[in-house]
Amino acid sequence: MRIRLVATTAVAAGALTALSAVPAQAAEYDSALKIRGIQYDAPGSDSNRCSGGNTAAEYLTIKNYSRSTTVNLKGYVVKDAAGNRFTFTASHTLQPGDYVKLRGGNGADSDSKNVVYRDNCNFMWNNDEDTIYVYKPSGSRADVHSYTKRGSDADGNGYITYHG
């Protein structure tokens, strides 16, 4: 009996070790909704004025990578490392393969143009480095990516692609 207990304990310990070796970002792939890319550094000089500023040129593209499931963005939350957040409060439906650009600044949300505005003229993403989190309405994580200007943006254009 003692031999089985020791063997069972060893197997359980091995399973726990294997589970702890899984990267934290592996959970992102359980979601159909993922970050396609980010324009973290708006072209030109940063100006967060509501009139004449360029915060709308900073955007996050979120795509529904499912082949068959439609996703309603209502209740999804996008955050950065500093805790700045945006919650999709209205229904915005993404068909399989569809995407939405979450832009800074003010504007008219449009399903036909695949755009939602944060209605906030402050920049959300840092130009040097940041982490992007997307949470489902349930509070579980849908996707997460970190970037650094030097390490993630090979051509230096302020745009990074994640899931293509």
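Right, let's walk through the structure included here. Quantities reported herein were computed from a predicted structural model and do not represent experimental measurements.

## Side note on the packing of aromatic side chains
Then, in step 1: According to the stated counting rule, one finds four aromatic pairs in the structure shown.
Then, in step 2: Where Phe-86 meets Phe-88, the ring centres are 5.0 Å apart and the plane angle is 85 degrees; that geometry is what we call edge-to-face. When sorted by exposure, Phe-86 lands in the same class as Phe-88, which is buried.
Then, in step 3: Relative to Tyr-135, the ring of Tyr-133 lies with its centre 6.2 Å away and its plane at 20 degrees, an arrangement referred to as stacked. Note on accessibility: Tyr-133 and Tyr-135 belong to one class, buried.
Then, in step 4: If you follow Arg-36 out to its NZ or CZ, it ends over the ring of Tyr-99, 5.4 Å from the centre.
Then, in step 5: Directly above the ring of Tyr-59 sits Lys-101, whose terminal nitrogen or CZ lies 4.5 Å from the centroid.

## Observations concerning the side chain of Gln-39
Then, in step 1: With respect to the helices and strands, the residue Gln-39 is situated in strand β1 (residues 33-39).
Then, in step 2: Assessed through its relative accessible area of 8%, Gln-39 is described here as buried.
Then, in step 3: A polar contact of 2.8 Å, which involves the side chain of Gln-39, links it to the backbone oxygen of Asp-41.
Then, in step 4: A polar contact of 3.3 Å, which involves the side chain of Gln-39, links it to the backbone oxygen of Gly-158.
Then, in step 5: With sequence-adjacent residues up to four places away left out, Gln-39 is seen in contact with Ala-57, Glu-58, Tyr-59, Asn-157, Gly-158 and Tyr-159.

## Thoughts on the state of the cysteines
What makes a disulfide is a covalent bond joining the sulfur atoms belonging to two cysteines.
Then, in step 1: Overall, the coordinates contain one disulfide when judged by the stated rule.
Then, in step 2: Cys-50 shares a disulfide with Cys-121; S-S distance 2.1 Å. Here the disulfide of Cys-50 and Cys-121 is right-handed, its torsion about the S-S bond being about 115 degrees. On the criterion of sequence distance, the pair formed by Cys-50 in the loop between β1 and β2 (59-64) and Cys-121 in the loop between β8 (115-117) and β9 (129-135) is long-range, its members being 71 residues apart.

Rules used throughout
- Residues numbered from 1 in each chain as written.
- Predicted model: local features only at pLDDT ≥ 70, side-chain atom pairs only at ≥ 80, totals over all residues.
- Heavy atoms only, no water.
- Phe/Tyr/Trp six-rings, centres within 6.5 Å; stacked < 30°, edge-to-face > 60°.
- Buried < 20%, exposed > 50% of the residue type's maximum accessible area, 1.4 Å probe, protein only.
- Lys NZ or Arg CZ within 6 Å of the ring centre and 35° of its normal.
- Helix = DSSP H or I, 4+ residues; strand = E, 2+ residues; numbered from the N terminus.
- Polar contact = N/O pair within 3.5 Å; in protein donor to acceptor, adjacent residues only side chain to side chain.
- Contact = heavy atoms within 4.5 Å.
- Disulfide = S-S within 2.5 Å.

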